[in-house]
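What the coordinates show
This is what each chain is made of:
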Amino acid sequence: MTVAAIPGLEHWFAQELPGLFVEWQPAAVPAPELVALNEPLAIELGLDPASLRTPEGVATLAGNGVPAGAAPIAMAYAGHQFGNYSPRLGDGRALLLGELLDTSGRRRDVHLKGSGRTPFARGGDGKAALAPMLREFLIAEAMHALGVRTTRALAVVATGERIMRDGMVPGAVLTRVAASHIRVGTFEYAARLGDPTIVQRLADHSMARHHPQAATADQPYAAFLESVIDAQAALVANWMLIGFIHGVMNTDNMTISGEGIDYGPCAFMDRYDPQTVFSSIDHAGRYAYGNQPNIAQWNLARLAETLLPLIADDPDAAVATAMAQLERFPDRFQHHWQAGMLAKLGLASEGKGDASLFHSLLDLLLAQRADYTGSFRALSQLLRGDDQPLHAMLGSDAPVDEWLAAWRLRLAADGRDPLAVAGEMDGVNPLYVPRNHQVERVLEAANVGELGPFRELLDLVTHPFHERPGMEAFAEPAPDAFARTHQTFCGT
Ligand code: AMP
Ligand code: MG
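By convention here, each chain's residues receive numbers from 1 onward along its written sequence. Lettering for chains starts from A, numbering for ligands starts from 1, and both go in the order in which the items are written. In keeping with the predicted nature of the model, local features appear solely for residues at pLDDT of at least 70, side-chain atom pairs appear and are counted solely at 80 or more, and the whole-chain, interface and lining totals rest on all residues. The basis for every side-chain value is the complete set of non-hydrogen atoms in the structure, without hydrogens or water.

Remarks on the environment of Leu 112
Inspection of the secondary structure assignment puts Leu 112 in strand S7 (residues 107–113). The cut-offs for exposure are 20% and 50% of the maximum accessible area for each residue type, with area from a 1.4 Å probe on protein chains only; residues under the lower value are buried, those over the upper are exposed, and the others partly exposed. Classification of Leu 112 by relative accessible area gives buried; the value is 1%. Contacts: residue pairs with any heavy atoms within 4.5 Å of one another. Sequence-distant contacts of Leu 112, defined by excluding residues within four places in its chain, comprise Thr 60, Leu 61, Gly 63, Arg 93, Ala 94, Leu 95, Leu 97, Val 173, Leu 174 and Thr 175. Note on conventions: DSSP H or I runs of at least 4 residues are helices, E runs of at least 2 residues are strands, and numbering of each starts at the N terminus.

Spelled out as structure tokens, the structure:
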């Protein structure tokens, strides 16, 4: 099979970190067909979209052969899944082709997901189904458009194979682009190899790549931990602000870079409720919306454990330093979340009663089971003089009026033009997010070869702030019947 070249691939991870991967080749697929290509991202990577659309380009994106300059590897990692430790997960169905320096000089992993079994596959078939790969494409690109750090989706290629999931379904390969695929689970794997120099090399590599300022600190490894903690606190705060539930926050799904990764049984919440869970396998609600900050901190503690020997020679001193960093997580999270809430409410500066202003709004949303995304747009509508949408969502009881009065008082103190404030709010509060019932609808259509609905939804959620006439249905929560019965399954 002739494949198109990916010019400029580098292999920094592979050069620096032997022991943390195996060299491996993708599996051939019978009839690759390009289903989605992210042209702006291709250009950002310095790749030519037209050449990716040729049969040779599609063959490359399908893993049908290895382009010149690629040296594919399956990365090793461990992970705590739902709290239980698995010593050997790794890329069971994915390969890193290499790294590209993008047009801004940033190093980006180019990775195939669904490219066949690897030595880490355990019982899996090494494949990926079309619908979940399109889901990852949609969610990643929506996240990016919302300004939340995330891995990106370059392409989805249908393989022409049907694979066994919940019945026979079309197979696909996703090309994923990431700052790196180094995870908390990569450190857990390295730490248990019994060679402390490997963790150090991994930490040095990760620091140089993602947290370079830590390298010049007095205590570089403590500073590295601090920087990862802050990056994750910012990420999870952003998820909370947009009503996103990741669904599988295992340590192998948490990056060191601070990008969100692996969008499987995830969802944007419709009606506000911190206990919302979508994943069918999350019986205990471990990864419920409201529990995500706690879980992030728990995962970061697993990272901290692997760094202890690097933080200090004296184990007690190392633990004390790591604990002090971990204990800062709630403050870092609050800092990012509160800044985001101020913007969502159109407030220019911090005020004394901020925490109570934010939490009493959330209490009102919870009491009315109001639509999370829609409520913030209804607030800007109210500033434009139309209070109908807000009262339709929150009712008109005394607590609603009290809250509105308190908010208006804060806005008045800022002294800005309400129309300008409303415009700014609409620039941070999305109108269109990939709501689960819409995502399911377009994926069902894609499974029978109809891609129009997928493209329409992708276009909307990658322009999430601008109202489009005729698209009102996309700003609505799921009908109650869907919300009661629906869970996203891990059939990936
Ligand atoms: P995920 O749920 O996608 O985060 O994957 C968790 C682990 O299971 C990773 O080690 C994956 O590589 C592996 N895995 C998931 N699905 C498959 C599959 N179909 N074949 C092989 N490995 C898989
Ligand atoms: Mg994963």
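What about the packing of helix H11 (residues 329–344) against helix H12 (residues 354–368)?
To obtain an axis, a line is fitted to C-alpha atoms, over the contacting stretch when the element is a helix, and the angle between two such axes runs from 0 to 180 degrees between their N-to-C directions. At a minimum axis distance of 11 Å, the contact between H11 and H12 shows a crossing angle of 70°. By the angle between their directions, the pair H11 and H12 is classed as roughly perpendicular. Contacts from Trp 337, Gln 338, Met 341 and Leu 342 of H11 reach H12 at Asp 354, Ala 355, Phe 358, His 359 and Leu 362. Per-class residue counts for the contact of H11 with H12 are six nonpolar, two polar and one charged. Throughout, the term roughly parallel applies to angles under 35 degrees, roughly antiparallel to angles over 145, roughly perpendicular to angles from 65 to 115, and oblique to all others. Put simply, Ala, Val, Leu, Ile, Met, Phe, Trp, Tyr, Cys and Pro go in the nonpolar bin, Asp, Glu, Lys and Arg in the charged bin, and everything else, Gly too, in the polar bin.

As for the site of ligand 1
Nearness is judged by heavy atoms alone; a residue qualifies as near a molecule or strand once a single heavy atom is within 4 Å of it. Lining the immediate environment of ligand 1, one finds 16 residues, of which Gly 90, Gly 92, Asp 125, Gly 126 and Asp 262 sit closest. Under this definition, polar contacts are N or O atom pairs within 3.5 Å; protein pairs additionally need one hydrogen-donor-capable and one acceptor-capable atom, and for neighbouring residues in sequence, both atoms have to be side-chain atoms. The separation between a nitrogen atom of ligand 1 and a polar side-chain atom of Asp 125 is 2.9 Å. Only the protein chains shown count as cover for residues, and all accessible areas are computed by the Shrake-Rupley method using a 1.4 Å probe. Protein contact buries 80% of the 470 Å² of open area that ligand 1 shows by itself. For the shell around ligand 1, the per-class residue count stands at three nonpolar, six polar and seven charged.

Describing the coordination of the magnesium ion (ligand 2)
Each angle at a metal carrying four tetrahedral donors should ideally be 109.5 degrees, and each at a metal carrying six octahedral donors should ideally be 90 or 180 degrees. Nitrogen, oxygen and sulfur within 2.8 Å of a metal are treated as its donors, or within 3.2 Å for sodium, potassium and calcium (Na, K, Ca); water is not counted, so a site can appear incomplete. For the magnesium ion (ligand 2), every protein donor is listed as Asn 253 (OD1) and Asp 262 (OD), and the spread of their distances is 1.9 to 2.2 Å. In terms of burial, Asn 253 and Asp 262 fall into one category: buried.

What to know about the nonpolar core
To form a nonpolar core, buried Ala, Val, Leu, Ile, Met, Phe, Trp, Tyr and Cys residues must be joined to one another through side-chain atoms within 4.5 Å. Counting residues in each nonpolar core, the largest one holds 101 residues, and the members touching the most others are Phe 187, Leu 345, Leu 379 and Trp 407. For this core, the element with the most residues is helix H8 (residues 220–242), which contributes 14 residues. Leu 134, Val 442, Ala 446 and Ala 475 belong to the second-largest nonpolar core, a separate cluster that totals 30 residues.

Focus: the pattern of salt bridges
Any carboxyl oxygen of Asp or Glu that lies within 4 Å of a side-chain nitrogen of Lys or Arg is treated as forming a salt bridge with it. Under the counting rule described, the total for this entry stands at 29 salt bridges. Among the salt bridges present, the one from Arg 107 reaches Glu 99, with a minimum N-O distance of 2.7 Å. Here Glu 99 falls in the buried class, since its relative accessible area comes to 1%. Between Glu 440 and Arg 135 there is a salt bridge; the shortest N-O distance is 2.5 Å. With Glu 440 in helix H17 (residues 436–447) and Arg 135 in helix H5 (residues 130–145), the pair connects residues that are 305 residues apart, well separated along the chain. Note on accessibility: Glu 440 and Arg 135 belong to one class, buried. One continuous salt-bridge network, built from bridges that share partners, spans Glu 10, Glu 99, Arg 107, Asp 109 and Arg 209.

A closer look at the environment of Gln 292
Structurally, Gln 292 can be placed in helix H9 (residues 292–311). A relative accessible area of 0% places Gln 292 in the buried class. Sequence separation between Gln 292 and Gly 247 is 45 residues, and the spatial gap between their C-alpha atoms is 9.1 Å. Each residue touching Gln 292, except ones within four places of it in the same chain, is listed here: Val 236, Trp 239, Met 240, Phe 244, Ile 245, His 246, Gly 247, Met 249 and Tyr 287.

Looking at unusual backbone geometry
Notably, Arg 122 is not glycine yet its phi reads approximately 50°, a positive angle. Positive phi is not limited to glycine here, since Arg 369 has a value of about 50°. Within the secondary structure layout, Arg 369 lies in the loop between H12 and helix H13 (372–383).

Details of the pairing of strand S9 (residues 152–165)
On a regular strand, one side chain projects to one face of the sheet and the next to the other, so that they alternate. Note on pairing: DSSP must find at least two bridges between two strands before they are called paired. Where strand S2 (residues 33–37) lies against S9, four bridges are found, and the strand directions are antiparallel. Pairing of Glu 33 across the sheet is with Ala 158, part of S9. Looking at chain direction, S9 and strand S10 (residues 167–178) are connected through ten bridges and run antiparallel. Among the inter-strand pairings, Ala 153 is bridged to a residue of S10, identified as Arg 176. If you look at the hairpin formed by S9 and S10, you'll find one residue sitting between the two strands.

What about the packing of aromatic side chains?
To pair, rings of Phe, Tyr and Trp, with the six-membered ring standing in for Trp, must have centres within 6.5 Å; the planes then decide the type, stacked if under 30 degrees apart, edge-to-face if over 60, and tilted in the middle. Counted by the stated rule, this structure contains 13 aromatic pairs. Pairing Phe 329 with Phe 333 gives two aromatic rings, centres 6.4 Å apart and planes at 20°, and the pair type is stacked. Taken together, the residues Phe 329 and Phe 333, both in helix H11 and four residues apart, mark about one turn of the helix. Taking relative accessible area as the criterion, Phe 329 reaches 2% and is therefore assigned buried. Here the aromatic residues Trp 239, Phe 244, Tyr 263 and Phe 268 are joined through ring pairs into a cluster of three or more.

Notes on the environment of Gly 247
The residue Gly 247 is located in the loop between strand S11 (244–245) and strand S12 (267–268) in this model. On the basis of relative accessibility, which here comes to 4%, the residue Gly 247 falls in the buried class. When the C-alpha positions of Gly 247 and Asp 270 are compared, they lie 15 Å apart, and in sequence the two are 23 residues distant. Not counting chain neighbours up to four residues away, the residues in contact with Gly 247 comprise Pro 265, Ser 279, Tyr 287 and Gln 292.

Some remarks on the pairing of S10
Burial analysis of S10 places ten of its twelve residues in the buried class, which makes it a mostly covered element. For S7 and S10, the ladder comprises five bridges, and the chain directions are antiparallel. Within S10, the position partnered with Lys 113 by the bridge is Leu 174. Strand direction decides the pairing type here: strand S8 (residues 128–129) and S10, joined by two bridges, are antiparallel. Residue pairing across strands places Ala 128 opposite Ala 172, the latter belonging to S10.

Quick word on the packing of H9 against H11
At a closest axis distance of 10 Å, the pairing of H9 and H11 adopts a crossing angle of 135°. On the basis of their axis angle, the class for H9 and H11 is oblique. The interaxial crossing formed by H9 with H11 has right-handed handedness. Here Pro 293, Ala 296, Gln 297 and Leu 300 of H9 lie close against H11, whose contacting residues are Phe 329, Pro 330 and Phe 333. Handedness of each helix crossing follows the sense of rotation of the near helix against the far helix: counterclockwise by less than a right angle gives left-handed, clockwise gives right-handed.

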